[in-house]
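# Structure assessment
Here is how the chains run, residue by residue.
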Amino acid sequence: MTPPFRFANIRGARLAWNQTGRGPAAVWAHGMSSNSYGQESSGQFDWRAVSSEHRLIRYDARGHGRSSGGRTADEYTWPQLASDLVALLDITAPGERVHAIGASMGTATILCAALVAPERFDRLVLTTPPTIWDSRRALTPLRVSDADAIERRGLAAYTRAAPNVPASPALAETKRYVGRVAVRSSIYPWVLRGSAITDLPPADEFGALTQPSLILAWTGDPAHPVSSGELSPRRFRMPNCAWRRRRALCVPGPMWSQTSSPRPDQFGVKLSTAEWLPERLRHQRLLTNTP
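About the cut-offs
- Residues numbered from 1 in each chain as written.
- Predicted model: local features only at pLDDT ≥ 70, side-chain atom pairs only at ≥ 80, totals over all residues.
- Heavy atoms only, no water.
- Helix = DSSP H or I, 4+ residues; strand = E, 2+ residues; numbered from the N terminus.
- Buried < 20%, exposed > 50% of the residue type's maximum accessible area, 1.4 Å probe, protein only.
- Contact = heavy atoms within 4.5 Å.
- Areas by Shrake-Rupley, 256 points an atom, 1.4 Å probe, with all protein chains shown as cover.
- Salt bridge = Lys/Arg side-chain N within 4 Å of Asp/Glu carboxyl O.
- Axes fitted to C-alpha atoms, helices over the stretch in contact; angles between N-to-C directions.
- Parallel < 35°, antiparallel > 145°, perpendicular 65-115°, else oblique.
- Phe/Tyr/Trp six-rings, centres within 6.5 Å; stacked < 30°, edge-to-face > 60°.
- Polar contact = N/O pair within 3.5 Å; in protein donor to acceptor, adjacent residues only side chain to side chain.
- Left-handed = near helix turned anticlockwise from the far one by under 90°.
- Nonpolar A, V, L, I, M, F, W, Y, C, P; charged D, E, K, R; others polar.
- Expected span 1.5 Å × (residues − 1).

## Some words on the overall build of the chain
- Within the chain, the secondary structure is distributed over ten helices and ten strands.
- The burial tally for the chain puts 56% of its 291 residues in the buried class.
- If you take every contact in the chain between residues at least 6 apart in sequence, the share linking residues at least 24 apart comes to 75%.
- Of the roughly 12,600 Å² of accessible surface on the chain, a fraction of 53% belongs to carbon and sulfur atoms.

## Examining the pattern of salt bridges
- This structure, assessed with the given rule, holds twelve salt bridges.
- In this structure, D122 engages R123 in a salt bridge whose closest nitrogen and oxygen atoms are separated by 3.1 Å.
- On the basis of relative accessible area, D122 is assigned to the buried category, the value being 18%.
- Ionic contacts of the salt-bridge type, sharing partners, join the residues R11, R62, E75 and D84 into one network.

## Quick look at the packing of helix α3 (residues 78–92) against helix α4 (residues 105–116)
- Between α3 and α4, the shortest axis-to-axis distance is 8 Å and the interhelical angle comes to 70°. Comparing their axes, α4 and α3 come out roughly perpendicular. The segment α3 lies against α4, with W78, P79, L81, A82, L85 and V86 engaging M105, A108, T109, I110, C112, A113 and V116.

## Here we look at the packing of aromatic side chains
- Scanning the model with the defined rule gives three aromatic pairs in all.
- Taking 6.2 Å as the distance between ring centres and 80° as the angle between the ring planes, the aromatic pair formed by F5 and Y37 counts as edge-to-face. Here F5, found in the segment before β1 (6–10), pairs with Y37, found in the loop between β3 (25–29) and α1 (38–41); they are 32 residues apart in sequence, far enough to count as distant.
- Residue classification places F5 among the buried residues on the basis of a relative accessible area of 16%.
- You can call Y37 buried: its relative accessible area is 18%.
- The interplanar angle of 65° and the centroid separation of 6.2 Å between the aromatic rings of Y158 and Y188 together place this pair among those described as edge-to-face. With Y158 in helix α6 (residues 155–161) and Y188 in helix α7 (residues 188–197), the pair connects residues that are 30 residues apart, well separated along the chain.

## Digging into the side chain of T109
- Following the sequence through the fold, T109 ends up in helix α4.
- Only 2.8 Å separates the side chain of T109 from the backbone oxygen of M105, close enough to count as a polar contact.

## Some thoughts on the packing of helix α5 (residues 134–153) against α7
- Interhelical geometry of α5 versus α7 gives an angle of 165° and a closest axis separation of 8 Å. By the angle between their axes, α5 is roughly antiparallel relative to α7. Considering only the axes of α5 and α7, their crossing is left-handed. Residues R136, T140, R143, V144, D146, A147, D148, I150 and E151 of α5 touch α7, and the partners they reach there are Y188, P189, W190, L192, R193, S195 and A196.
- Looking at the contact of α5 with α7 residue by residue, the class counts come to eight nonpolar, two polar and six charged.

## Here's the deal with α3
- Taking 1.5 Å of rise per residue, the 15 residues of α3 would be expected to cover 21 Å, and the 20 Å separating its terminal C-alpha atoms lies within 8% of that figure.
- All of the buried residues along α3 are W78, L81, A82, D84, L85, V86, L88, L89 and T92.

Pasting the structure below:
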């Protein structure tokens with residue numbers, strides 16, 4: 001049973017949130033067009049194991065689900081969504097260092113939030129990182145075109161035209177590949193325009209992030225390319241960063257990437273982060289996939 005939602009007045013919007021479980025605080029940041037439970041309902045993720053050991057805070061991002069939002073593109077950029085997240089944590093987990101779990105837009109939101117308020121985050125689990133930098137600029141015209149199309153023909157027609165095919169091998173067993181758009185039709189064009197103009201900060205700024213982090217990127221998904229998960233020290237200048245394309249290595253402290261097609265007995269479709277938060281991340285050396 002889904003717990004009742006509460007509402008927090010955050011920077012001109014009312015953000016809906018709830019929590020399950022007890023223990024250290026963890027926050028889940030969903031992807032664009034979804035809401036706090038949408039990606040779980042479709043079978044993409046399963047965070048119940050996290051709630052068994054943590055107080056899991058789920059929230060609807062600005063303009064998504066039950067949360068309100070305006071009609072300007074800027075408020076849906078990643079830095080602005082990050083400011084929302086930090087302000088929400090001041091209400092839901094005051095003074096705590098939280099574990100943060102994100103997908104796509106949520107992953108970018110967490111990265112931006114960790115840069116502006118690193119003291120609020122203990123460790124990060126970042127799934128399906130979105131396009132960034134060069135790969136993101138290539139998709140800008142598509143986002144703008146989609147926004148214009150929704151204003152002309154409506155959200156229902158736009159959704160019907162979306163092909164119901166898996167975007168990634170990691171989602172091949174989900175209940176429905178194209179999830180319901182959990183954004184009101186009057187706001188969604190502005191969410192897309194905000195997505196079109198946003199990006200991560202320059203790579204050298206990420207050198208300040210020292211939190212142990214897990215990054216999961218899968219092949220075959222152009223909207224969340226493997227290149228975005230390859231957070232090597234050379235690219236991001238992060239002091240505790242290591243990745244392997246065919247082998248993912250997790251050691252105490254460093255950030256690492258899983259950049260191979262998943263097997264069902266590894267991360268699969270129903271990804272649980274319970275094994276990564278927190279002690280096992282510190283004490284186990286984990287090898288996944290084969291060279």
